[in-house]
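Remarks on the overall topology
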Amino acid sequence: MSGDAGISTGQVSGSDAGLKYYRWAVAGAFFANGFVTGSWALHIPLMMSRLGVSEGVFGLLILVFGLGALAAMGLCGPLLARYGSDRVTKAFAVGVAFWLILVSLTSNLYLAVPALFLLGAFFGGMDVAMNANAVAVEKTLGRALMSSSHGFWSLGGFAGSALGGLFLRYQGAISHAVLVSVIAGIIMLIALPRMVIDRQPQSSEKIRFRLPDQPVIYLIGMMALFAMVPEGAVLDWAAVYIQQAFEADLTTAGYGYAAFSATMALVRFLGDGVRNRFGAVRTFRVSIIIAALGLFVSGFAPHAWIAILAFAIAGLGVANIVPIIFSAAGNQSGIHAGTALSLVTLMGYSGILVAPSLIGFIGGHVGFGPVYMVLALMLIVVFMLSSLASAADHKRE
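Residues numbered from 1 in each chain as written. Predicted model: local features only at pLDDT ≥ 70, side-chain atom pairs only at ≥ 80, totals over all residues. Heavy atoms only, no water.

The name given to the protein in an unreviewed UniProt entry is Putative MFS family arabinose efflux permease, with the source organism recorded as Pseudochrobactrum asaccharolyticum. Database annotation for the protein, UniProt heading Subcellular location (unreviewed entry): "Membrane". (UniProt positions renumbered as here; feature names shortened; annotations may be inferred.)

Focus: the pattern of salt bridges
Evaluation of the coordinates by the stated rule reveals one salt bridge. Two residues, R275 and E138, come together in a salt bridge whose shortest N-O distance is 3.3 Å. One end of the pair, R275, is in helix α8 (residues 250-278); the other, E138, is in helix α4 (residues 109-141), and 137 residues separate them in sequence. Grouping residues by exposure puts R275 and E138 together as buried. (Salt bridge = Lys/Arg side-chain N within 4 Å of Asp/Glu carboxyl O. Helix = DSSP H or I, 4+ residues; strand = E, 2+ residues; numbered from the N terminus. Buried < 20%, exposed > 50% of the residue type's maximum accessible area, 1.4 Å probe, protein only.)

Points about a nonpolar patch on the surface
Nonpolar side chains collect at one region of the surface, where L105, I174, V178, V182, I186 and I190 lie side by side and expose about 520 Å² of accessible area between them. Considering each element in turn, the nonpolar patch owes the most residues, five residues, to helix α6 (residues 173-191). By secondary structure assignment, the location of V182 is in helix α6. (Patch = residues over 30% accessible without salt bridge, like charges linked within 9 Å, V, L, I, M, F, W, Y side chains within 5 Å. Areas by Shrake-Rupley, 256 points an atom, 1.4 Å probe, with all protein chains shown as cover.)

Overview of the confidence of the model for the protein
Per-residue pLDDT for the protein has a mean of 83; in total, 89% of the residues score no lower than 70. Contacts of residues 1-15 to residues separated by more than four positions or lying in other chains number 40 contacts, the stretch itself having pLDDT below 50. Low pLDDT (under 50) marks residues 201-205, which in the prediction has five contacts with non-local residues, meaning those over four places away or in another chain. (pLDDT = per-residue confidence, 0-100. Contact = heavy atoms within 4.5 Å.)

Section: the environment of F122
With respect to the helices and strands, the residue F122 is situated in helix α4. Spatially, the C-alpha atoms of F122 and A93 are 7.1 Å apart, while their sequence positions differ by 29 residues. Beyond its immediate chain neighbours, meaning those up to four positions away, F122 contacts F92, G95, V96 and W99.

Considering the packing of aromatic side chains
Scanning the model with the defined rule gives 13 aromatic pairs in all. With 6.4 Å between their ring centres and 15° between their planes, F31 and F35 make a pair best called stacked. Note that F31 and F35 are positioned in helix α1 (residues 19-51) at a spacing of four residues, about one turn of the helix. Here F35 falls in the buried class, since its relative accessible area comes to 6%. Taken together, a centroid distance of 5.7 Å and an interplanar angle of 75° make the contact between F296 and F300 edge-to-face. Exposure remark for F296: the relative accessible area of 31% places this residue in the partly exposed category. (Phe/Tyr/Trp six-rings, centres within 6.5 Å; stacked < 30°, edge-to-face > 60°.)

Okay, structure coming up:
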């Protein structure tokens, strides 16, 4: 069973009893993770004020958060291979659910550094583990569900940010953090015990942290990197671009990422059906073409609303690219799904961590329009490697 995340025959046999719970269990994990992520975003300005630091200093703390996430992503591979995605997801989920309370209590800069590093590590570790469990469920059910799983993450993020603002305003950071932990804890308590068990037989060998030796997994990781950089570029710089290039007000500028994220979330809930019908490679290629078209048009749009529409089109395409890449990584032969996803997730998210500062530097010198056009051309590389997405198609085991 070295080629994939082995499904425990004790849990998944010829009977279909209980199979429906696996799908909703992993959806609950994604929703809860997104819910806490969206809630955490609301704490950033409050924490910056509490610590008494500038935007620049807090930017470094956000980098610490990202480094914690990347560190956990890199270490997840052997943990998943040894203990299974269900156990690893549960372990990191405890930190995701309750660590925000400690962060909300932190008022010392020196304590904030390890607190945010560990918060990022919990998020990063759970991210890899729940994606690995989604791959295991896809194999068990014989159909795609990765896109809608990411859709549940987006829905959770929206719920966390939308519902938390009013509560924070009247109740404060600590009360909000406790409420978030209670809600997330209840969701996880219901969902996580019902996750598919995909662990391999226990081995007496020690856990070994080493890089995979299959070249194809690095190509898939590069696909994730090139696909996630444009997503980060829209997240961080779309509003700035619309405001500067078209002299738009802040409200209009904010519609750029709002349109992008709205279409992306919508299509993620539809993406699994499309992929099940047309196959991963065809869906992947069409998605890349749509994403590249939207980004390219946004780069030379003559009006703010044309740029906003272009970002909405880009969101339609971007929605299914990364979920298909993750499914393809988790189904590579000769490598454990957790190990593959650990590396691919690490490579992909490193682009979101590192690229925004570089994009901001370049955009400040040449403008963001040309940057988005170049990012559209970058997706051509992903298109050229699209045959690797064929591994994302599943047959029931």
